[in-house]
Amino acid sequence: MSPTTLLTLLSLVTPTAATYRLLDLYNSTNFFSSFTFFTSPDPTHGFVTYLSATEASARALAGYSQDGIYLGVDYTNVTNSTTGGRASVRVTSQKSYTRGLLLADITHMPTTLEAYSGCGLWPAYWTFGPDWPNSGEIDILEGVNSADTNSVTLHTSKGCTISNSGSLSGTTLVRADCTGSEGCSQQISLDGTYGRGFNDAGGGVYAVEWTEEFIKVWFFPRDHDLTPSLTGNPPEEAPDPEEFGTPLAAFVTDTSSSANCSIESHFKEHQIVFDTTFCGDWAGEAWGDDEACSGLAEKCEDFVGEVPEAFEEAYWIVMSVSVWEKEE
């Protein structure tokens, strides 16, 4: 066989990098016409009242700031269980997506004033499908109370166990089974990925690539070499995940081990969500085990209700969210 023939055969079997094209771009020109305000009781039992678009706008909890989309919480009024919890917003994209590349340029995420260590907060940027958990959920940026690094988690129905092979060194696979409310979680050790450290550095870009074989999450801080190419409205060139380097968290299957999950059947038709809740099934349950928080009040709800000024910095500023699809 000649070298030319061998090279030709290799080119036929070597997989090529995915090429993406822009499908949807959400920014200050269309965000509030493309996302719906959630006003039902919090499914995670948070100490929160989610406001409608009209109420949130009237109370200056949703609007524009620093050329981005502002999503805030009430930080002036004392509240209690009778009044339903602290006012906040939760918004959900009207469109849903299956697979692709998702980029979110975020300059500020919810935290408390520094003296209160993030206590009581449970902010999240995430996606989810219908008939939860059967169509899956991807928690991209999430944490509670005094956490200072991100937790990335998948949730779905039974029969999905993953490996974190290929994740950034230092990322810990907390649980491999993605079933239900606990899900399969990876704890990030990299500073600046969450909370005050994230905000102090000007935030950055979270990227998610979702294929039939894996779900991978990257974070590019504001000063990363790639960040300028990912933050245009839209970016001048299509992003190339092959250039992203090692992901913060990789959720992959390995048929030679117990890590075996059909991404295609367990994750589909996801809407995009930003929300800020308080206490509830995670932050509230973890309150007593968090020394920084349990010293502030006996119960999470007591602190959140009685110290509104703690939450002056509990807001999102989102510059853009873009959704990219593979070119055929």
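For clarity, every value in this text was computed on a predicted model and none was experimentally measured. (Residues numbered from 1 in each chain as written. Predicted model: local features only at pLDDT ≥ 70, side-chain atom pairs only at ≥ 80, totals over all residues. Heavy atoms only, no water.)

(A) Structural context of the nonpolar core. Judged by nonpolar contacts, the single largest core of 49 residues is most densely connected at Tyr 125, Tyr 206, Ile 215, Phe 267, Ile 272, Phe 274 and Trp 316. Setting aside anything within four residues of it in sequence, one finds Tyr 125 in contact with Leu 102, Ala 104, Ile 106, Asp 139, Ile 140, Leu 141, Tyr 206, Ile 272, Val 273, Phe 274 and Trp 316. Formed by 18 residues, the second largest nonpolar core is a distinct cluster that contains Tyr 50, Trp 287, Val 304 and Val 307. (Core = buried A, V, L, I, M, F, W, Y, C linked by side-chain atoms within 4.5 Å. Buried < 20%, exposed > 50% of the residue type's maximum accessible area, 1.4 Å probe, protein only. Contact = heavy atoms within 4.5 Å.)

(B) Quick look at the state of the cysteines. Taken as a whole and assessed by the stated rule, the structure comprises four disulfides. The side chain of Cys 119 participates in a disulfide bridge whose partner is Cys 293; the two sulfur atoms lie 2.1 Å from each other. Across the S-S bond of Cys 119 and Cys 293 the torsion is about -90°, and the bridge reads as left-handed. Residue Cys 119 is found in the loop between strand E8 (100-108) and strand E9 (121-128), and its partner Cys 293 is found in helix H8 (residues 291-294); the two are separated by 174 residues along the sequence. When its relative accessible area of 0% is taken as the criterion, Cys 293 is described as buried. One disulfide bridge connects Cys 178 with Cys 184, the sulfur atoms lying 2.0 Å from each other. Given an S-S torsion of about 85°, the disulfide between Cys 178 and Cys 184 has right-handed geometry. Shown here for the chain is a disulfide pattern of 1-7, 2-5, 3-4, 6-8, where each number marks a bonded cysteine counted in sequence order. (Disulfide = S-S within 2.5 Å. Helix = DSSP H or I, 4+ residues; strand = E, 2+ residues; numbered from the N terminus.)

(C) Main features of the packing of aromatic side chains. By the definition in use, this model includes 20 aromatic pairs. Ring centres of Trp 126 and Phe 128 lie 5.2 Å apart, and the angle between their planes is 40°; this geometry places the pair in the tilted category. Over the face of the ring belonging to Phe 38 we find Arg 90, whose NZ or CZ atom lies 4.1 Å from the ring centre. A cation sits over an aromatic face here: Lys 216 above Phe 214, 4.2 Å from the ring centre. (Phe/Tyr/Trp six-rings, centres within 6.5 Å; stacked < 30°, edge-to-face > 60°. Lys NZ or Arg CZ within 6 Å of the ring centre and 35° of its normal.)

(D) Representation of the pattern of salt bridges within the structure. Counted according to the given criterion, the structure contains eight salt bridges. A salt bridge links Asp 24 to Lys 95; the nearest nitrogen and oxygen atoms lie 2.8 Å apart. Linking Asp 24 in strand E1 (residues 20-26) with Lys 95 in the loop between strand E7 (90-93) and E8, this pair joins segments that are 71 residues apart in sequence. By relative accessible area, Lys 95 is classed as partly exposed at 38%. Among the ionic pairs, Glu 313 bridges to Arg 196, the shortest N-O distance being 3.2 Å. On the criterion of sequence distance, the pair formed by Glu 313 in the loop between helix H9 (300-306) and strand E18 (316-326) and Arg 196 in helix H4 (residues 195-200) is long-range, its members being 117 residues apart. Relative accessible area serves as the criterion here: at 24%, Glu 313 is assigned to the partly exposed category. (Salt bridge = Lys/Arg side-chain N within 4 Å of Asp/Glu carboxyl O.)

(E) Quick peek at unusual backbone geometry. That bond from Trp 132 to Pro 133 is cis: its omega, 5°, falls within 30 degrees of zero. Summarising the element assignment, Pro 133 is placed in the loop between E9 and strand E10 (137-142). Here the bond from Asn 233 into Pro 234 is cis, since omega is 5°, no more than 30 degrees from zero. Along the chain, Pro 234 turns up in the loop between helix H5 (227-230) and strand E16 (249-252). The backbone of Ala 60 sits at a positive phi, close to 60°, despite the residue not being glycine. Inspection of the secondary structure assignment puts Ala 60 in the loop between helix H3 (53-58) and strand E4 (62-65). The exposure class assigned to Ala 60 is exposed, which follows from its relative accessible area of 53%. If you check the backbone angles, Cys 279 has positive phi at about 60° while not being a glycine. In this structure, Cys 279 sits in the loop between strand E17 (271-278) and helix H7 (280-284).

(F) Focus on the side chain of Ser 322. By the element assignment, Ser 322 lies in strand E18. For Ser 322, a relative accessible area of 3% puts it in the buried group. Within polar-contact distance, the side chain of Ser 322 engages the side chain of Trp 324 at 2.9 Å. Residues contacting Ser 322, with those up to four places away along its chain left out, are Leu 22, Asp 24, Leu 25, Leu 101, Leu 102 and Leu 103. (Polar contact = N/O pair within 3.5 Å; in protein donor to acceptor, adjacent residues only side chain to side chain.)

(G) Seen up close, a negative patch on the surface. The grouping of Glu 236, Glu 237, Glu 242 and Glu 243 at the surface amounts to a negative patch. Of note, Glu 242 is situated in the loop between H5 and E16. (Patch = residues over 30% accessible without salt bridge, like charges linked within 9 Å, V, L, I, M, F, W, Y side chains within 5 Å. Areas by Shrake-Rupley, 256 points an atom, 1.4 Å probe, with all protein chains shown as cover. Lys, Arg positive; Asp, Glu negative; His and termini not counted. Charge placed at Lys NZ, Arg CZ, Asp CG, Glu CD.)

(H) Expanded view of the environment of Gly 72. You can see Gly 72 is positioned in the loop between strand E5 (68-71) and strand E6 (86-88). For the pair formed by Gly 72 and Thr 276, sequence separation is 204 residues and the distance between their alpha carbons is 7.9 Å. Aside from chain neighbours lying at most four places away, what touches Gly 72 is Leu 61, Ser 88, Val 89, Ala 314 and Tyr 315.

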